[in-house]
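If you want the building blocks of each chain, they are given just below.
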Amino acid sequence: MELEDAREIAKYVVPRMLFKLPQDIKVQLVSPGENEDSLLFRLVEKAAADIQWKAVELENQKRKKYI
């Protein structure tokens, strides 16, 4: 993956993770409790899915450009 692709993915994923999370999850991030591992797992799983989706979208855009 090129640096420019990584930047495009980050522009998509980071705002989703910071602004579109439900308020209760944001509170848990600030002061995690008993379910810290579960919360982190869900966040990593969500980020990975978003990264994969955006990477595929960028690849499809490149393919369309060359066709």
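These numbers come from a predicted model, not from an experiment.

Of regular secondary structure, the chain possesses three helices and zero strands. Taken from N to C terminus, the helices and strands of the chain fall in the order α-α-α. For the chain, the C-alpha radius of gyration of 15 Å lies well beyond 11 Å, the compact-globule estimate for 67 residues. Once the C-alpha set of the chain is aligned to its principal axes, its extents read approximately 50 × 20 × 20 Å. Looking at the chain residue by residue over its 67 residues, the buried ones come to 19%.

Right, let's get into the side chain of Lys 54. On the secondary structure map, Lys 54 appears in helix α3 (residues 36-66). There is a polar contact of 3.0 Å between the side chain of Lys 54 and the side chain of Glu 57. Apart from residues no more than four positions distant in its own chain, Lys 54 is found in contact with Glu 8, Ile 9 and Tyr 12.

Turning our attention to the packing of helix α2 (residues 23-30) against α3. Taken N-terminus to C-terminus, the directions of α2 and α3 make an angle of 120°; their axes are 11 Å apart at the nearest point. By the angle class used here, α2 and α3 are oblique. As α2 runs across α3, the sense of the crossing is left-handed. Residues Ile 25, Gln 28 and Leu 29 of α2 form the contact with α3, whose participating residues are Leu 39, Arg 42 and Leu 43.

Positionally, Arg 42 belongs in helix α3. Taking the C-alpha atoms as reference points, Arg 42 and Leu 18, 24 residues apart in sequence, are found 14 Å from one another.

Let us look at α3. The end-to-end C-alpha distance of α3, which contains 31 residues, comes to 45 Å, matching closely the 45 Å that a straight helix rising 1.5 Å per residue would cover. If you check which residues of α3 are buried, you get Leu 39, Leu 43, Ala 47, Asp 50, Lys 54, Ala 55 and Leu 58. Residues of α3 that are buried sit in contact with α1 (3-19) and α2.

By the element assignment, Lys 62 lies in helix α3. In this structure, Lys 62 is in contact with Glu 2 and Asp 5, ignoring residues within four places of it in sequence.

Criteria and thresholds
Residues numbered from 1 in each chain as written. Predicted model: local features only at pLDDT ≥ 70, side-chain atom pairs only at ≥ 80, totals over all residues. Heavy atoms only, no water. Helix = DSSP H or I, 4+ residues; strand = E, 2+ residues; numbered from the N terminus. Rg over C-alpha atoms; globule rule 2.2 N^0.38 Å. Buried < 20%, exposed > 50% of the residue type's maximum accessible area, 1.4 Å probe, protein only. Polar contact = N/O pair within 3.5 Å; in protein donor to acceptor, adjacent residues only side chain to side chain. Contact = heavy atoms within 4.5 Å. Axes fitted to C-alpha atoms, helices over the stretch in contact; angles between N-to-C directions. Parallel < 35°, antiparallel > 145°, perpendicular 65-115°, else oblique. Left-handed = near helix turned anticlockwise from the far one by under 90°. Expected span 1.5 Å × (residues − 1).

In short, the description is geometric, and any link to function would need to be established separately.
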